[in-house]
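In case you want the letters, here they are:
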Amino acid sequence: MKVDWLIVGAGFTGAVLAERIASQLEKKVLVVDQRDHIGGNAYDHYDENGVLIHRYGPHIFHTNSRKVWDYLSQFTEWRPYYHRVLAVVEGRRVPVPFNLNSLYALFPPRQAERLEEKLVCTYGFGTKVPILKLQQTEDKDLRFLAGYIYHHVFYSYTLKQWGLKPEELDPSVTGRVPVYISRDDRYFQDTYQAMPKQGYTAMFQRMLRHKNIKVLLNTDYREVVEEVKFDRMIYTGPIDAFFDHMYGPLPYRSLRFVFEYQEVAQAQEVGTVNYPNEHAFTRITEFKHLTGQKHPGSTVAVEYPQAHEPGQTIPYYPIPREENSSLYNLYRKEAERLKQTVFFAGRLADYRYYNMDQAVARALKLAGDLV
Ligand SMILES: Cc1cc2nc3c(=O)[nH]c(=O)nc-3n(C[C@H](O)[C@H](O)[C@H](O)COP(=O)(O)OP(=O)(O)OC[C@H]3O[C@@H](n4cnc5c(N)ncnc54)[C@H](O)[C@@H]3O)c2cc1C
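Nothing here was measured: the structure is a model prediction, and the numbers come from that model.

Enquirer: Where do I start with the overall build of the protein chain in this structure?
Expert: The number of helices and strands found in the protein chain is 13 helices and 19 strands. By the compact-globule yardstick of 21 Å for 371 residues, the protein chain fits well, its C-alpha radius of gyration being 22 Å. Along the three orthogonal principal directions, the C-alpha set of the protein chain runs to about 75 × 50 × 35 Å. Expressed as a percentage of its 371 residues, the buried residues of the protein chain come to 56%. By sequence separation, contacts in the protein chain at least 24 residues apart represent 72% of the contacts at least 6 residues apart. If you sum the accessible surface of the protein chain, you get close to 17500 Å²; carbon and sulfur atoms cover 50% of it. The distance from the centre of the 46 positive side-chain charges to the centre of the 44 negative ones in the protein chain is 4 Å.

Given below as structure tokens:
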């Protein structure tokens, strides 16, 4: 077999690049994925009870990029969806990211009012203030609030999610957690928030349905790399695996999902409920909120973070620590030597957490640079 491009991985990165190369550069592409489906981690399918679920964890689409939105809109219609998350804190369910409504859900009205007044007067309504910044104020009420959120919402969730204390992670992780001085309970504030109307997999099918694209599933690219003739390659798998872990494995955090079908129309009041403090799992997501599916029953995903064992578990999240970035840079230097022959892109090849829209933007940028 002879193609112009071999693309490893049929997730967002691989699919966007395949579509662009096939339709814009009019080149022949072979996309290879070791899994038995396209879509990478965004893959969705109907479970044995007929409920549309996301096998690799809940995926909610949101972006501020008009370019990404317009690009994907060629392949899907959308269903508007605003994700909402509640966290169980001291027995109460409060909106997160923490906002003014959360204050009233947790504290006696007088105290909540005082905190609201101080937040609004100090930072202004509609702003997002990182809790690290709140912790540094002179005001003892605001410092109390920062400490409260840190301990009751952030600290133990982080410990469960990463298996590390916040101070053991890159400061950018702690620095990002905001208090939103607003009554907006939506989890995201992006301009475009919606779910593909027929699901992600249907969208991927349309992206890859082109006469210049062939897709080979259930195949590690190493099985075919000698047999297929190609000019250039795009690799979206783990960069350390490409180089046979020559500098050692890059650390990842993994997850285990337990899917539970319930004979109820609705299992919980919002898409996701976080459990920062109790249980071994971090959160429960009910898919019907996300997909809008009508069904007499409902499936939820209970999410258990776990250590990553190469070859046994799925590498989900790069672990944001400085030493890991240094290790990744060694691999990146190796990758640079292959410039113009092998292109590395995507969350595993760049060893960086990307939201779906960021993965699409990255792939569109790379596609634009290819000639
Ligand atoms: C639990 C979880 C929840 C998420 N939720 C959201 C969300 O709500 N919103 C959002 O915007 N983003 C979310 N994301 C991020 C989203 O999953 C990524 O942006 C997206 O998957 C990136 O696509 P990708 O193509 O780079 O990687 P992937 O989707 O991982 O695709 C890479 C593909 O390469 C294949 N591959 C790897 N090695 C080989 C090999 N040797 N041979 C053949 N094939 C190979 C893999 O099988 C995989 O299919 C979430 C991520 C996780 C982990």
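Enquirer: I tried to follow the site of the ligand on my own but got confused; where do I start?
Expert: Lining the immediate surroundings of the ligand are 32 residues, of which Thr13, Asp33, His59, Tyr354 and Met356 lie closest. Contact between the ligand and Phe12: an oxygen atom at 3.1 Å from a main-chain N or O atom of the residue. At 2.7 Å from an oxygen atom of the ligand is found a side-chain nitrogen or oxygen belonging to Asp33. Of all the elements in the fold, those that place two or more residues in the shell around the ligand are helix H1 (12–23) and helix H13 (356–369). For the shell around the ligand, a count of residues per class yields 16 nonpolar, twelve polar and four charged.

Enquirer: Any chance you could explain the sheet that holds strand S1 (residues 5–8) here in plain terms?
Expert: Adjacent strands of a sheet form backbone hydrogen bonds with each other and so pair up, either parallel or antiparallel. Taken in spatial order, the five strands make up an open sheet running S12-S2-S1-S13-S19, and their pairing is parallel. Lying at the two open borders of the sheet, with one neighbouring strand each, are strand S12 (213–216) and strand S19 (342–344). Between one strand axis and the next, the sheet turns by 20° as a mean value, whatever way the strands run. In terms of strand pairing, S1 meets strand S2 (residues 29–32) through four bridges, oriented parallel. Pairing of Val8 across the sheet is with Val32, part of S2. Contacts between H1 and the sheet are confined to S1, S2, S12 and strand S13 (232–235), with S1 contributing the most and set at about 165° to the helix.

Enquirer: What exactly am I supposed to notice about the sheet that holds strand S5 (residues 62–63) here?
Expert: With respect to topology, three strands assemble into an open sheet ordered S5-S11-S6, the strand pairing being antiparallel. Across the chains shown, the open sheet's two edge strands, defined by having one partner strand only, are S5 and strand S6 (78–80). The sheet contact formed by S5 and strand S11 (residues 192–196) spans two bridges and is antiparallel. If you follow Thr63 over to S11, its bridge partner there is Tyr192.

Enquirer: Explain a nonpolar patch on the surface to me, please; I cannot follow it from the model alone.
Expert: A cluster of nonpolar residues, Met246, Tyr247 and Leu330, forms a patch on the protein surface that exposes about 260 Å² of accessible area. Mapped onto the secondary structure, Leu330 falls in helix H12 (residues 322–337). For Leu330, a relative accessible area of 36% gives the class partly exposed.

Enquirer: What is the right way to look at H13 in this model?
Expert: Within an α-helix, residues lying three or four positions from one another point in the same direction, as the helix has 3.6 residues per turn. Taking 1.5 Å of rise per residue, 14 residues should cover 20 Å, and H13 covers 20 Å from first to last C-alpha, within 8% of that figure. Every buried residue of H13 is accounted for by Met356, Asp357, Ala359, Val360, Ala363, Leu364, Leu366 and Ala367.

Enquirer: Would you mind going over H12 with me for this structure?
Expert: For H12, which comprises 16 residues, the first-to-last C-alpha distance of 23 Å matches the rise-based estimate of 22 Å (1.5 Å per residue) to within 8%. Asn324, Leu327, Tyr328, Tyr331, Glu334 and Ala335 are the residues of H12 that are buried. Down the axis of H12, the buried set is contained in an arc of 105°. They therefore lie on one face. In H12, the exposed positions angled more than 90 degrees off the buried face are occupied by Glu322, Glu323, Lys333 and Arg337. Elements that come into contact with the buried residues of H12 comprise helix H10 (239–242) and S19.

Calculation notes
- Residues numbered from 1 in each chain as written.
- Predicted model: local features only at pLDDT ≥ 70, side-chain atom pairs only at ≥ 80, totals over all residues.
- Heavy atoms only, no water.
- Helix = DSSP H or I, 4+ residues; strand = E, 2+ residues; numbered from the N terminus.
- Rg over C-alpha atoms; globule rule 2.2 N^0.38 Å.
- Buried < 20%, exposed > 50% of the residue type's maximum accessible area, 1.4 Å probe, protein only.
- Contact = heavy atoms within 4.5 Å.
- Areas by Shrake-Rupley, 256 points an atom, 1.4 Å probe, with all protein chains shown as cover.
- Lys, Arg positive; Asp, Glu negative; His and termini not counted.
- Charge placed at Lys NZ, Arg CZ, Asp CG, Glu CD.
- Near = heavy atom within 4 Å.
- Polar contact = N/O pair within 3.5 Å; in protein donor to acceptor, adjacent residues only side chain to side chain.
- Nonpolar A, V, L, I, M, F, W, Y, C, P; charged D, E, K, R; others polar.
- Pairing = 2+ DSSP bridges.
- Axes fitted to C-alpha atoms, helices over the stretch in contact; angles between N-to-C directions.
- Patch = residues over 30% accessible without salt bridge, like charges linked within 9 Å, V, L, I, M, F, W, Y side chains within 5 Å.
- Salt bridge = Lys/Arg side-chain N within 4 Å of Asp/Glu carboxyl O.
- Expected span 1.5 Å × (residues − 1).
- Arc of directions from axis to C-beta.

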